[in-house]
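Working through the structure, step by step
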Amino acid sequence: MTNLAEAAPVPGVQPPARTSIRGLIAQTEIDLRLFGMLVVLAGILLAFNILSGGKFFQPTNMVTLAVQASGVAVIATGMVLIIVSRNIDLSVGSLVGFIAMTYALLMTDWMPHLLGMGPDFPFRWAIALGLGILLGAGFGAIQGFIIAYVGVPSFIVTLGGLLTIRGLVWYLSSGAAVSGLDPGFQLVGGGALGSIGGTMTWIVGVIGCLAIVALLINGRRQRRRYGFPVRPMWAEATLAVIGCVAVIGLAAFANNNFWPKGLAERYATQNNIPIPAGGLLIPTGFPNPIMLLLAVTLVMTFIATRRRFGRYVYAYGGNPDATELAGINTRWTILKTYVLMGVLCALAAAIAAARLNGATLDVGQSYELYVIAAAVVGGTSFAGGIGTIPGAVLGAFVMQSLAYGLSFMGVNSPGQNVVAGIVLILAVGFDTFNRRRGS
Amino acid sequence: MTVAAGTPLVEMRNISVAFGGLHAVRDVSIDLFAGEVLGLVGGNGAGKSTLMRVLSGAQPADKGEIRVNGEVVELRNPRDAKALNIETIYQTLALADNIDAPGNLFLGRELTTRVGSLDDSSMESETRKIMGRLNPNFTRFALPVRSLSGGQRQAVAIARAVYFNARILIMDEPTAALGPAETGQVRNLVRQLKDQGIGIFLISHDIHDVFDLSDRISVMYHGRIVDTVQKDDVDPDGVLGMIILGKKPDEVTETDKAEIELRG
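Residues numbered from 1 in each chain as written. Chains lettered and ligands numbered in written order. Predicted model: local features only at pLDDT ≥ 70, side-chain atom pairs only at ≥ 80, totals over all residues.

Let's shift gears to the overall build of chain A. Regarding its fold elements, chain A presents 17 helices and 2 strands. Against the 2.2 N^0.38 benchmark of 22 Å for 439 residues, chain A shows a C-alpha radius of gyration of 23 Å, consistent with a compact globule. Taken over the C-alpha atoms alone, chain A extends approximately 75 × 65 × 45 Å along its principal axes. The buried share among the 439 residues of chain A stands at 41%. Taking the contacts inside chain A whose residues are at least 6 apart along the sequence as the reference set, 79% of them involve residues at least 24 apart. (Helix = DSSP H or I, 4+ residues; strand = E, 2+ residues; numbered from the N terminus. Rg over C-alpha atoms; globule rule 2.2 N^0.38 Å. Buried ≥ 20, exposed ≤ 12 C-beta atoms within 10 Å, placed from the backbone. Contact = placed C-beta atoms within 7 Å.)

Our next topic: the overall build of chain B. The helix and strand inventory of chain B stands at 9 helices and 10 strands. Over its C-alpha atoms chain B spans a radius of gyration of 19 Å, differing by no more than 12% from the 18 Å that the globule rule assigns to 264 residues. Counting only C-alpha atoms and orienting by the principal axes, one finds that chain B spans roughly 65 × 40 × 40 Å. Looking at chain B as a whole, 44% of its 264 residues are labelled buried.

In this section: the pairing of strand S4 (residues 63-68) of chain B. All names here are of chain B. Inspection of the sheet shows strand S1 (residues 10-19) paired to S4 by 5 bridges, in the antiparallel sense. Across the sheet, the residue bridging to Val10 is Val68, located in S4. Judged from the 3 bridges that link them, S4 and strand S5 (residues 71-73) form a sheet pairing that is antiparallel. Counted as the bridge partner of Arg67 is Val72 from S5. Where S4 hands over to S5, the hairpin turn is made up of 2 residues, of which Asn69 adopts a positive phi near 55°. (Pairing = 2+ DSSP bridges.)

Sheet analysis places S1(B) next to strand S2 (residues 22-32) of chain B, joined by 7 bridges and oriented antiparallel. Its bridge partner lying in S2(B), Ala18(B) is registered against His23(B).

The next thing to look at is the sheet that holds S5(B). Residues and elements named next belong to chain B. Spatially, 4 strands are ordered S2-S1-S4-S5 in an open sheet, and the strand pairing comes out antiparallel. Strands at the two margins of the open sheet, each flanked by one partner only, are S2 and S5. Direction aside, the axes of adjacent strands within the sheet are offset by 30° on average. Strand contacts of helix H1 (residues 48-55): S1, S2 and S4, with the helix running at about 120° to S1, the strand carrying the most contacts. (Axes fitted to C-alpha atoms, helices over the stretch in contact; angles between N-to-C directions.)

All names here are of chain B. Here helix H5 (residues 150-163) contains 14 residues, and its C-alpha end-to-end distance of 20 Å stays within 8% of the 20 Å for a straight helix at 1.5 Å per residue. Taking burial as the measure, the 14 residues of H5 include 10 buried ones, the bulk of the element. If you check which residues of H5 are buried, you get Gln152, Gln154, Ala155, Val156, Ala157, Ile158, Ala159, Arg160, Ala161 and Val162. Turning to H5, the residues buried within the fold contact strand S6 (86-89), helix H3 (101-105), helix H4 (120-134), strand S7 (168-172) and helix H6 (180-195). (Expected span 1.5 Å × (residues − 1).)

Residue and element names in this part refer to chain B. Summarising the element assignment, Met171 is placed in strand S7. Spatially, the C-alpha atom of Met171 lies 22 Å from that of Asp232, the residues being 61 residues apart in sequence. Excluding residues within four positions of it along the chain, Met171 makes contact with Ile89, Ile200, Phe201, Leu202 and Ile203.

Facing the 28 residues of chain B at the interface are 29 residues of chain A. Going through the elements one at a time, helix H2 (78-83) and H4 of chain B are the ones with two or more residues in the side of chain B that touches chain A. Residue composition of the side of chain B that touches chain A, by class: 11 nonpolar, 11 polar and 6 charged. (Nonpolar A, V, L, I, M, F, W, Y, C, P; charged D, E, K, R; others polar.)

Residues and elements named next belong to chain B. Strand order in the open sheet formed by 6 strands is S6-S7-S8-S3-S9-S10, with mixed pairing between adjacent strands. If you trace the sheet from one side to the other, it starts and ends with S6 and strand S10 (224-230), each paired once. Between one strand and the next, the sheet's axes are offset by a mean angle of 15°, whatever the strand orientation. In terms of strand pairing, strand S3 (residues 37-41) meets strand S9 (residues 216-221) through 4 bridges, oriented parallel. Within S9, the residue paired with Gly39 across the bridge is Ile217. Lying on the sheet, H5 is in contact with S6 and S7; it crosses S6 at an angle near 175°. Where helix H8 (residues 236-245) meets the sheet, it contacts S3, S9 and S10, and its direction lies at approximately 25° from that of S9.

So, about the nonpolar core. Across soluble globular proteins, nonpolar side chains have a tendency to be buried as a group. Membership of the largest hydrophobic core comes to 178 residues, with the highest contact counts inside it found for Ala76(A), Tyr103(A) and Ala374(A). Once you skip the residues sitting within four places of it in the chain, Ala374(A) turns out to touch Val72(A), Ala73(A), Ala76(A), Ala392(A), Gly395(A), Ala396(A) and Met399(A). (Core = buried A, V, L, I, M, F, W, Y, C linked by C-beta atoms within 7 Å.)

With that settled, consider the packing of helix H11 (residues 288-306) of chain A against helix H14 (residues 330-356) of chain A. All names here are of chain A. Look at H11 against H14: their axes get within 11 Å of each other, and the N-to-C directions meet at 170°. The orientation of H11 with respect to H14, classified from their angle, is roughly antiparallel. Along the contact surface, H11 presents Pro289, Leu292 and Val296, while H14 presents Leu344, Leu347 and Ile351. Counted by class, the contact of H11 with H14 contains 6 nonpolar, no polar and no charged residues. (Parallel < 35°, antiparallel > 145°, perpendicular 65-115°, else oblique.)

Residues and elements named next belong to chain A. Packing of helix H3 (residues 59-84) against helix H16 (residues 389-408) leaves a shortest axis separation of 8 Å and a crossing angle of 145°. Crossing geometry of H3 relative to H16 is assigned as right-handed. Residues Leu65, Gln68, Ala69, Val72, Ala73, Ala76, Thr77, Met79 and Val80 of H3 form the contact with H16, whose own contacting residues are Ile389, Ala392, Val393, Gly395, Ala396, Phe397, Gln400, Ser401 and Tyr404. Residues that form the contact of H3 with H16 fall into these classes: 13 nonpolar, 5 polar and no charged. (Left-handed = near helix turned anticlockwise from the far one by under 90°.)

Take the domain arrangement of chain B next. All names here are of chain B. Assigned domains of chain B: these are domain 1 (10-85 + 166-263) and domain 2 (100-164). Using only C-alpha atoms to locate each centre, domain 1 and domain 2 end up separated by 28 Å. In this assembly, 8 residues from domain 1 lie in contact with 8 residues from domain 2. (Domains from an automatic or database assignment.)

Structure, rendered in structure tokens:
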């Protein structure tokens, strides 16, 4: 569809020029901000690899890093919707702590003693997870109700939530740490057994590739059907190839991470498998928390971009009055963002509790800060209306790579905080500068 | 043109709205017939926009009754009004700047696929169709409306009101932000819609717009209707006098006239 109006560009909008590199990238319709974040992430990992003399960039390290980032990343996907709709949630860390403690107490105390579910009761781990999710949704609904219907500013409500809920954790366990979760529940946290294994990892990789190709073909067909302009064929092919190579590469990388030697040998003797010379190499593949994060990212992206609820959240962030005048039930929409957030906190709490095999009083401490930092580094704007879910996940990985890399280099935790703080300000400063120049 | 006989499309009876101690609208009654353009004029703070916000469901009335096609209706929120095919083009346009034109056009009334997901392709397709009629130069369907020109944004706001088969259209300063060519387009559109039998409330500061397009003119002053007149019975100066003084022409004294002279 060519049109005369194309020749007269609106101020501030440049039509894609075909000759420049920028123009070529524009034709692939890649999200430049997301692409830039990927480059930054790769740069950070590469820099630490060089600084550590090639020791950093090993599957074990990368898998650990990813698992450490997964909890914050899961919550960050929800924080995007909260910040996009001009609110904030400071209570996520406390809620994670509360739900983690609930999981631990459910499985060690309440289920066997109060509910009559002994250790052999089937699917105890799933029942505990389900109750945790309900609890998260409940806390979210209460805070969301006060914010959306009573009209108390979200900063205040969730600051109160941060204090109150963290205090409640102490009352739950009378100040004690609780440990000893069900083996099934522990698998949520990753580790050698809590990973999907080599074969499944390849299968996931192949499914990922097929999904990428299917999405590209479907998108093209849709646009064709309505006669809209489509991407040039070379751009489609490039996207498909890059996407597939990345997915398969990640799968191969994860499959280069093997079970610890002792565990592998025990497994071999138990199953009468001969141990080959050089040790039995059983690939772990993707850890379960990463699979959970992947699922959360896909579902949340779907909700944010393809569902009415997501559209209303963004519309509200862009112009609250207009959204109200459009006849949208904005209060209900805001309440739902907090319910969703509570559910995500329950999932992150499951990862945290499973990794610890229990809960202490300070599980999830300062999560709210890391989560907000991840969302903001990932391009979410406090002015409202702007932010993407994959961006926030990448933001979580950027922040975690810095922390992990620095600790790998022997920098202590205060030093890591100094760097994290500076990076946060630089990232947002750069972004603000870019936006101002762009508009 | 004379007023159509029969049941009015809209009757607003004894509407009052107060904000604290400020009576924005006092005991106003007004009606609108199908295929009629009613110009609503008055100075700043005269209560025009508040009165129209009542009809679009954005502002509940403290007192009064609204009938649509003779039946009493309750307008608690914009959804109620839209369900009665009352559409509004707000002075502020009421667009979500971070969302593209199709997203804004269908905001709150999205087209969805069988599984309830947003059907962006058909929304874009419908937007292309209606924009092809309203503003053929419009091509920026994938950009946030923030990056559109004033006229293009206005076109999106108008398209949104027109697309959903409005029977009653409220236009609050539809040409305030537009250049001469675009103003002409809007005027043509108003005439087209009127010919289709749509009743239109036209709020405007521009007395020429009002005289050009309206069948009747209602003048508001300090929350009250001064008078509702057939356009052919008055001239712009008479209407201007009512806007400034809040009095009907036959009540105007010599001192009042002097005051008008003074204000230009």
